[in-house]
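Architecture and fold: a report
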Amino acid sequence: MKKKWLRSLKTNTPQEGFELAILLAQKGIEYTQPSETIRKKIRPKYSRNPDNLIAASEVIAIHYQTVAAANDYWKSNTKVHF
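No experiment lies behind these values; they were computed from the predicted model shown.

1. Topic: the overall build of the chain
On a plain count of helices and strands, the chain comes out with 3 helices and 0 strands. When the helices and strands of the chain are placed in sequence order, the string is α-α-α. What you see for the chain is a C-alpha radius of gyration of 15 Å, clearly larger than the 12 Å of a compact globule of 82 residues, by over 25%. With the C-alpha coordinates of the chain rotated into their principal frame, the extents come out at 45 × 35 × 15 Å. Burial analysis of the chain (82 residues in total) assigns 15% to the buried set. Put simply, of all contacts in the chain between residues at least 6 apart along the chain, 63% involve residues at least 24 apart. Summed over its atoms, the accessible surface of the chain is roughly 6,900 Å², and 57% of this surface lies on carbon and sulfur atoms. Placing the 14 positive and 7 negative side-chain charges of the chain at their respective mean positions leaves the two points 7 Å apart.

Structure follows, in structure tokens:
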């Protein structure tokens, strides 16, 4: 059994939520391919492929939607600046 690492989807800010979304994506890869040796071996191939990078961004975006919803979109307390 894996060590429990995810205690909550609650975060204080959208930035922390985005970082949690990235962590969720990374952990998904670790669960899918538990061998660090294999992950390191294949990373050079997929890390230079634009389609793979776009797919990774899409996974992070989906996780971010989940985290944002869990935080009630931070209840409009934090204004987003672009």
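2. Thoughts on the pattern of salt bridges
Throughout the structure, instances matching the rule amount to 2 salt bridges. Note that Lys 40 and Glu 36 form a salt bridge whose closest N and O atoms lie 3.3 Å from each other. One end of the pair is Lys 40 and the other is Glu 36, both in helix H2 (residues 36–46) and 4 residues apart, which spans about a single turn.

3. Quick word on the packing of aromatic side chains
Counting across every chain of the model gives 2 aromatic pairs. Ring centres of Phe 18 and Tyr 64 lie 5.6 Å apart, and the angle between their planes is 75 degrees; this geometry places the pair in the edge-to-face category. Placement of Phe 18 in helix H1 (residues 14–32) and of Tyr 64 in helix H3 (residues 50–70) is noted, with a sequence separation of 46 residues between them. Relative accessible area serves as the criterion here: at 37%, Phe 18 is assigned to the partly exposed category. Summarising the aromatic geometry, the rings of Tyr 64 and Trp 74 are spaced 6.0 Å apart at their centres and angled 25 degrees between planes, so their arrangement reads as stacked. Taken together, the residues span a long stretch of sequence, with Tyr 64 in helix H3 and Trp 74 in the segment after H3 at a distance of 10 residues. For the cation-ring pair, Lys 27 lies above Trp 5, with the distance from its terminal atom to the ring centre recorded as 5.2 Å.

Reading the values: the criteria
Residues numbered from 1 in each chain as written. Predicted model: local features only at pLDDT ≥ 70, side-chain atom pairs only at ≥ 80, totals over all residues. Heavy atoms only, no water. Helix = DSSP H or I, 4+ residues; strand = E, 2+ residues; numbered from the N terminus. Rg over C-alpha atoms; globule rule 2.2 N^0.38 Å. Buried < 20%, exposed > 50% of the residue type's maximum accessible area, 1.4 Å probe, protein only. Contact = heavy atoms within 4.5 Å. Areas by Shrake-Rupley, 256 points an atom, 1.4 Å probe, with all protein chains shown as cover. Lys, Arg positive; Asp, Glu negative; His and termini not counted. Charge placed at Lys NZ, Arg CZ, Asp CG, Glu CD. Salt bridge = Lys/Arg side-chain N within 4 Å of Asp/Glu carboxyl O. Phe/Tyr/Trp six-rings, centres within 6.5 Å; stacked < 30°, edge-to-face > 60°. Lys NZ or Arg CZ within 6 Å of the ring centre and 35° of its normal.

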